[in-house]
Each structure stands twice: as C-alpha cells, then as structure tokens.
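# Notes for the structure review
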Amino acid sequence: MTAVVDRLEQALPGRVDTSASARTAARADKSGHASAGMPLAVLYPESVEDVQTIMRIATDTRTPVVPRGAGTGLAGGANTGDGELSLSLMRMNRLLEVQPDDLIAVVEPGIINSHLNNALRAYGVWWAPDPASRELSTVGGNIATGAGGLLCAKYGVVRDAVIGVDVVLADGTLMHCGRRTLKGVAGLDLTSLFIGSEGKLGIIVGATLKLGRLVTGTTCTLTAVFASVREAAAGASAVTAAGIQPAIMELIDATSLEAVHRLLTLAPPTPGASQLTIQTDGPAARDEAEAIATLLASRGATVDVTDDPDTGAELLRIRRSMHPAMETLGTTLIEDVSVPRSRLADMFDEIARIEQAYGITIPTVAHAADGNLHPNFVFAGVEVPEHIWQAADDLFTSALRLGGTLTGEHGVGVLKSRWLKAELGDAQWELQQRITRAFDPAGILNPGKVFSL
C-alpha cells in the first residue's frame, strides 16, 4: 500500500498528507465514533483533474476511497479506516458562477454553507438549506448526505435546491448530470440519485444550485412553553393542521432545554417544561405569529413574541447549541428519525416508553414543522453499550411502525446500516446495491457504509 501513496505523492505534490494527526482526524466525524485502524493518507485535491487522477490510481490499485467534507456528519459516513484513502474536498471551495436572473449558482463542493450565503447576499439571493452545522459544513457534504435543517418545512431540503451535479466516478470518468433550466425531464434523473448517496456512487466535484430571492419583511420569533413534551408536540401538529407555515418550528424537550441553559449560563427553565421556538418571516410574518400565539395559548402554552432581530437570534442560538450541550452530558449517540407530522406526539410517547423500559434518558429535539426528531442516547465511555443499541433498535422500529423513516437528514453511514433493510424491504435493498455496483463495480467508494449488515 506504500506504493499507492508513492504514486499519489508523485502525481499530486503537496496534496497528500500522511501525518498521524491528519490521518487520525479522518477516522471520525461528529457522530463521536471512529473507524478501526488508520487511513493510508488524506488527499487534498484542488481541481476536478486532481480528483480524476486520484480515482484512476485508486481503481488501478483497488484502493478504497472515502470522500469527505468538513467532517460534521453524524452517521459515520465519512469515517476512514485501515487501508483506505480519505479524499478531502475542502480545498475545492470556490463560488464559480452566480446568475441571479436565472436564480442559479455553480459551486465547488468544499464551499462552506454559510460562506456561500454570505457571498450570495450581494446578489439579493440565497441558498435555502440551513443545517445546524451551517457555519462549518460544506455544500458538497450537504448534498452527499441529503442534509436538512431548521428551514426545511417552508423552504425545502437539499434535494429541492440542487438541479445539477458534476461527479467523478470510481474509474475517474467525469459526468455532468442535471440542468440549468427550471424544467427538464430528459432521461433518468441521475442528479436526484446522487443527492443523499453518501459517497457510494461517485465524488461530487461541482453543483448547480437553485436559489431564492432574499426574504423581505419582518421576522417574528415566538417561544411557547408547555408543561410536557407531549403537549408541545401536539401543539406543533396543531399549527401544521391549521395551515400556518412558519419558517422555523423547533421543539426542545425538558432535559435538552436544561442542558442548553446550563451551557449558555442562562436562567434555568421551568422544571419539566418543553419549548417550541417558532419563527415566521415575509410580509405576513406578524399575522402568522399572532395566529400561532393565539392557537398555542389556547392549548395551555405560555407564549412570548418578539420582532426584535437580536432577541430572535438569541432564541435560535438556544436551539443551535443543542449538540454542544449534549456533549456536556456524556458520550452521545445522536439519532435522526422522522415521522408524519400528525404522529409527532405519538413518537414522543414511544421515546418516553423506551426511556422507562431501558432505564435511560433520551434528550430529544425536533424540527417539529416537518416531523424530524433527534433523540440523543447519552452514555459513559467510548463504545456504545449493548442496552443502548437495543433501545435504539426499539426507537427505529417504533418510527417505522408510525409510518416514519430511519433518517430524515443525517444519512445511514455506518450507524444505521443494520436497520436499512427493515425500512427498504428485501427487493429494494437488493436493487439499490445493484445500482451501486453499476457505478462502482470494484466497490472502492466508501466501502462498509450504508448497505452493510
């Protein structure tokens, strides 16, 4: 395997890092779990041609390659292990083109989510996907995992905001998928196939993004505090059922809220209380906020509303601080199930049942506007204890039984691969593997992820 690294160093001088620190960092992502063994090297291509060179050498030597962005993933999808190459796209980070009249932008995969929107603001446009990791995560990583975020219910997920991708296949072939037009139905929709493919089909080296005009008007933020998490979840479902579409509607359960307040040194919240944090925007923001406040107050919530931008940003900072707050409680297995919005309260009932059955606490937040929950299994040590995996199995089964899915935005990676077949069924599970083999016959792209049992 030293010969592989030698070939890469000759072909890509200054772009191959074999230091222990770089290789160690590539073993893990933000899930808190790491691959066994040490990768051969971390590669930093600076162009499409560099990526093609890497994949040609990898194919010729049958060396596994794991694509990687900023490493903010939560499913172990970019973790690189023994005998593998970590292919970092962080140096390919340019905004290549903006066409505000057509509402499109062309980018390289390593551009940071928030940096992109900072650059687009001068054109009066924005890219809507808003993951909690937006200050760190890359657009390429967002696309590869099918990322979501706080604004999904109103403005869509990554899948709704990408109309084309440029991909280098396992053998080094460059392929352009998608279009630049609003409409387009020529051939199979391979762009959608690559979104959320977790590095199994090819290396995303460019993307054509669908933009929106910057939202004008007032932004209102409200908090609704409920005596129980079930009441908060039922309140969120009531907002949806009333036909009101907030930009953001986040649910924070009591344990999570207490942990965040401690982390940020805020006044302790009401014991046992759960909170909805809701934001409305656009010309109808005030009317929508007033309607939501009236509805939730009628359901027993204590509601506060503000149109002050700084206050609103501080309230959302509480939600965005969830992951650091969980780290203060211990090692965390961060999960990501979604259920139909009308079943949100039922899913919280299932979480309460699982907590009692296994003698554990599962702090949970949710993108309540779209039914995406993030239960956190907290434990001591590094390895996930067996009883935690059993509780997770119970939670996933419950989500599927309620008509939901194993993952709304984090992806499958390694952490959920053992449950994927239960959701897809035998026929689809096998078909998806056959599709993967068609793109990567040698099986060198991100091996051991998604389809492993």
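All of the points below concern the structure found in this document. Along every chain, residues carry numbers that run from 1 in the direction the sequence is written. pLDDT decides what is reported in this predicted model: residues at 70 or higher carry local features, side-chain atom pairs at 80 or more are listed and counted, and totals for whole chains, interfaces and linings draw on all residues regardless. Remark: hydrogens and water are excluded; side-chain values derive from all non-hydrogen atoms of the structure.

## Concerning unusual backbone geometry
Not every positive phi belongs to a glycine, and Glu 198 is a case in point at roughly 55 degrees. A run of H or I in DSSP counts as a helix once it spans at least four residues, and a run of E counts as a strand once it spans at least two, with each numbered from the N terminus. With respect to the helices, strands and loops of the structure, Glu 198 is situated in the loop between α7 (190-194) and β10 (203-210). Under the scheme applied here, a residue whose accessible area is under 20% of the maximum for its type counts as buried, over 50% as exposed, and between as partly exposed, the area being computed with a 1.4 Å probe on protein chains only. The exposure class assigned to Glu 198 is buried, which follows from its relative accessible area of 11%. The phi torsion at Val 450 lies on the positive side, around 70 degrees, for a residue other than glycine. The buried category is assigned to Val 450, whose relative accessible area is 8%.

## Some words on the nonpolar core
Across soluble globular proteins, you tend to see nonpolar side chains buried next to one another. Only buried Ala, Val, Leu, Ile, Met, Phe, Trp, Tyr and Cys residues count toward a nonpolar core, and they belong to the same one when joined by side-chain atoms within 4.5 Å. Within the largest apolar cluster, 48 residues are counted, with the highest numbers of intra-cluster contacts made by Leu 276, Leu 296, Leu 333, Met 347, Leu 373 and Phe 377. Counting only elements with at least two residues in this core, the list comes to β12 (220-226), α8 (229-241), β13 (248-252), β14 (274-280), α10 (285-297), α13 (344-358), β19 (372-379) and α14 (386-401). Looking at this core element by element, the count peaks at 7 residues for α14. The next biggest cluster of nonpolar side chains, apart from the first, holds 27 residues, and it includes Ala 144, Cys 177, Leu 201 and Ile 204.

## Structural notes on the sheet that holds strand β4 (residues 85-88)
One open sheet holds the 4 strands; their spatial order is β1-β2-β4-β3, and the pairing between them is mixed. In the strand order of this sheet, the two ends are held by β1 (16-17) and β3 (65-68), each with one partner. At least two bridges found by DSSP between two strands is the condition for calling them paired. In terms of strand pairing, β3 meets β4 through 4 bridges, oriented parallel. Bridging across to β4, Pro 67 finds its partner in Leu 87. Contact criterion: two residues are considered in contact whenever any of their non-hydrogen atoms come within 4.5 Å of each other. Inter-axis angles, ranging from 0 to 180 degrees, are taken between N-to-C directions of lines fitted to C-alpha atoms, where helices are fitted over the stretch in contact. Of the strands in this sheet, β2 (41-43), β3 and β4 are in contact with helix α3 (residues 48-61), which crosses β4 at around 165 degrees.

## Describing the environment of Ala 284
The residue Ala 284 is located in the loop between β14 and α10 in this model. We classify Ala 284 as partly exposed; its relative accessible area is 33%. Separated by 197 residues in sequence, Ala 284 and Leu 87 have C-alpha atoms that sit 46 Å apart.

## Regarding helix α4 (residues 113-120)
Among the residues of α4, those classed as buried are Asn 113, Ser 114, Leu 116, Asn 117 and Leu 120. End-on view of α4: buried residues confined to an arc of 155 degrees, all on one side of the axis. Elements in contact with the buried residues of α4: β5 (95-99), β6 (104-107), β7 (125-126), α5 (139-145) and β10. What the arc measures is the spread of directions leading from the helix axis to the C-beta atoms.

Worth remembering: the numbers are spatial, not functional.
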